[in-house]
Amino acid sequence: MLLNNAGKIRGTTVRRIAAAVVAITLAAQAWASDDAFESLADKFINELPAFSPVAATWIGDHRRDADLDEVDARARKSLLVSLTGYREALEAIDRGNLSRANQIDYELLRSDVAARIWYLEELQEWAWNPLYYVNTAGSSIYNLVARDFAPLEERLGNAAARLEQFPRFLEQARASLVPVRVPKIHAETAVAQNLGVVSIIENMIVPQMDPLSAASRARLEAAIETAKDALAEHQTWLEEELLPRAAGDFRIGAELFDRKLAFALDSPLGRREVVARAEAEYESVRNQMYEVSKAIYLADHPYTAFPDDPDEAYKQAIIRTALEKAYQQLPPADGIVEVAEQQLQQATDFVIENNLVTMPDDPVEIIVMPEFQRGVSVAYLDSPGPLDKGQSTFYAVAPLPSDWTEEQVRSFLREYNLYSLQNLTIHEGVPGHYLQLALSNRYPSTLRGVLGSGTMIEGCAGYAERLMIDEGYQDNDPLQRLIKLKWYLRAVTNAIIDTAIHVDGMTRDEAMRLMIEGGFQEEREAAGKWVRAQLTSSQLSTYFVGYQEWIELRKAVEDAWGDEFTLRRYHDQVLSYGSPPVKYVRALVLGEPIPAGVD
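In this numbering scheme, every chain counts its residues from 1 along its sequence in written order. This being a predicted model, a pLDDT of at least 70 is required before a residue's local features are given, and a value of 80 or more before pairs of side-chain atoms are given or counted; all residues contribute to the totals for chains, interfaces and linings. To get the side-chain values, all heavy atoms of the structure are used, and hydrogens and water are removed first.

Q: Can you tell me about the pairing of strand β3 (residues 393-397), naming the residues and giving the values?
A: Burial analysis of β3 places five of its five residues in the buried class, the great majority of the element. To sort residues, take the accessible area from a 1.4 Å probe on protein chains only and compare it with the maximum for the residue type: under 20% means buried, over 50% means exposed, and anything in between is partly exposed. Counting from the N terminus, the helices are DSSP H or I runs at least four residues long and the strands are E runs at least two residues long. The two faces of β3 match: Thr393, Tyr395 and Val397 on one face and Phe394 and Ala396 on the other face are all buried. Pairing analysis gives five bridges linking strand β1 (residues 364-368) to β3, with the strands arranged parallel. Looking at the pairing, Ile367 lines up with Ala396 of β3. DSSP-based pairing: two strands are paired if at least 2 bridges between them are found.

Q: Tell me about the packing of aromatic side chains, and name the residues and values.
A: In this scheme Phe, Tyr and Trp rings, the latter by its six-membered ring, pair at centre separations within 6.5 Å, and the angle between planes marks the pair as stacked below 30 degrees, edge-to-face above 60, and tilted otherwise. With the rule as written, the count across this model stands at 19 aromatic pairs. When the centroid spacing of 5.3 Å and the interplanar angle of 90 degrees are considered together, the rings of Phe44 and Tyr86 count as edge-to-face. Taken together, the residues span a long stretch of sequence, with Phe44 in helix α1 (residues 2-51) and Tyr86 in helix α3 (residues 73-91) at a distance of 42 residues. Accessibility expressed as a relative area gives 2% for Tyr86, which makes it buried. Taking the centre distance of 6.2 Å and the plane angle of 90 degrees together, the rings of Tyr416 and Trp487 count as edge-to-face. Residue Tyr416 is found in the loop between α16 (406-415) and α17 (418-428), and its partner Trp487 is found in helix α21 (residues 478-502); the two are separated by 71 residues along the sequence. For Trp487, a relative accessible area of 9% translates into the label buried.

Q: Requested: an account of the pattern of salt bridges, with residues and values cited.
A: Only one rule defines a salt bridge in this text: a Lys or Arg side-chain nitrogen within 4 Å of an Asp or Glu carboxyl oxygen. Inspection of the entire model under this criterion finds 42 salt bridges. As a salt-bridge pair, Asp105 and Arg448 come within 2.8 Å of each other at their nearest N and O atoms. Here Asp105 is found in helix α4 (residues 100-123), whereas its partner Arg448 is found in helix α19 (residues 446-450), with 343 residues between them in sequence. Two residues, Glu592 and Arg586, come together in a salt bridge whose shortest N-O distance is 3.2 Å. Since its relative accessible area comes to 27%, Glu592 is described here as partly exposed. One continuous salt-bridge network, built from bridges that share partners, spans Glu415, Lys486, Arg490, Glu525 and Lys529.

Q: Which residues make up the nonpolar core, and what values go with them?
A: Core analysis: the largest hydrophobic core is formed by 159 residues, its most contacted members being Leu163, Phe166, Ile205, Leu220, Met289, Trp550 and Tyr570. Residue contributions to this core peak at 14 residues, all from α21. Contacts: residue pairs with any heavy atoms within 4.5 Å of one another. Non-local contacts of Leu220, meaning those with residues more than four positions away in its chain, are made with Leu156, Ala160, Leu163, Ile205, Met209 and Leu212. Residue types Ala, Val, Leu, Ile, Met, Phe, Trp, Tyr and Cys, when buried and joined through side-chain atoms within 4.5 Å, form a set referred to as a nonpolar core. Judged by nonpolar contacts, the second largest core, of 26 residues, contains Leu98, Leu109, Leu120 and Val450.

Q: So what's going on with the packing of α4 against helix α12 (residues 253-265)? Residues and values would help.
A: Comment: axis = line fitted to C-alpha atoms, over the contacting stretch for helices; angle = value between 0 and 180 degrees taken between N-to-C directions. At a minimum axis distance of 10 Å, the contact between α4 and α12 shows a crossing angle of 155 degrees. Taken as axis vectors, α4 and α12 run roughly antiparallel relative to one another. Every pair of crossing elements has a handedness; the one defined by α4 and α12 is left-handed. Two secondary-structure elements touch here, α4 through Ser111, Ala114, Ala115, Trp118, Tyr119, Glu122 and Leu123 and α12 through Leu256, Arg259, Lys260 and Phe263. A per-class count over the contact of α4 with α12 returns seven nonpolar, one polar and three charged. Small angles under 35 degrees read as roughly parallel and large ones over 145 as roughly antiparallel, with 65 to 115 read as roughly perpendicular and the rest as oblique. By convention, the crossing between two helices is left-handed when the near helix turns anticlockwise from the far helix through less than a right angle, and right-handed when the turn is clockwise. Residues were grouped as follows: Ala, Val, Leu, Ile, Met, Phe, Trp, Tyr, Cys and Pro as nonpolar; Asp, Glu, Lys and Arg as charged; and all remaining residues, including Gly, as polar.

Put into structure tokens, the structure is as follows:
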């Protein structure tokens, strides 16, 4: 018996030692894998300025602020070689041995590298999208002077260096573009935006030159003239060479669209699933708008008897009548920025008073949108890069074009009535993009900050709109709820037309009819969206898909946490992981396996 017990003891000890050795070995392998991946991620971030000095300035890496991107064939080939090297290095790392946080960053980097290679080799926007070059030129200067991340003389010195490189950069752009592949809408928009770069120089550089030394000022003045001449030459080429010969199809087709959509969404949902969901939501949201509109209508006509089974024409009339009440509250045409400032403070106060989420104290300014950025959207949020801690966030609002007729101005103001502007400010500001991105930049992974998900970010902003209404913002005003539903219907129709235009051949008339009659949009909004849909395939789907994923995440966490669920706890936790695709946030909050990304 003693011998048997001793044998058992010795056997148990051996097994424990063996298990401990295995655990130590696995821990060592995991440490080695984490160390290898983190070194690779650091190398990638460190080399980003070599990929694009302008993009590096935006994220807050200022080592190459004096350089302007190389955009010729040799630069593209060099970039492709580097990206291929990263792809091979990632394949050599065992993802299963990584920590959960690093598994997510691994998937983000793997997907980003795959997307960059695909964009270079397959989509080839460098050959047919002149807006890429206009935006790079404008951003190269704007991001140097918009924020005070370094002494003024240093930033203006780097601006001078970049302006001196405009002739080379724009010459490379013209050599890269193939006019017959350029869609006409892209050429027209480039013609309209190119000289907007001059406005950055005149409005953001020239007024700040006085403190410069004589030598620095002389160099900058000469660089400005060099850049203006180069931009004028490029404008002539855009107008006289590119625009007349532009013959490309803005519709990218099913194969390219599906791949681009997969990279844009990084979601389990594909094109067909997105469209099916959007079409179902289209009917649902319109019915919700009808129910809200009945209450608004009854306030003015209390003895109305609504039919039990109204047809679509009847619902349409009641919804339009209710919307007309919101359209009576218009902002001044020249005072939209001031209205947005007031509404941002109002939304901020509500979030704090109702303890909805931790409120960041990062500075935020509402500005008039720079000219080189106009023509795609009415507003956007420009947050500082993940390496530029403490810098200002800009909520940019486009002014009304000076050449619009009175009818076009009224159409725009009806669409962006005071209720809509409030919803826009929630989306772009608090608790939308500004709040979410300010908290996102606190996450310690620089890689995750650089590779943020547009779907997660846009979905969060859409969710923020619903959150405020559900929590009683604007004293539960039914007109504010109706406008919020209209905005969600806009996201739904965005997803529908995104696919319909680029894959199914939807015409302008068909798209305008869906947006105006189906989505209750004003003509100016719908016309602008038609242009945007042509210029930005796949991006319009991110709002709807992101919102869907955010709503599903909230429901799953509420079910999992039960009585322990509070809005403050939930929002603080889901916003603490940076801005990865929603599927990764879900995995972290609920303890689920880390899913794979797009490759």
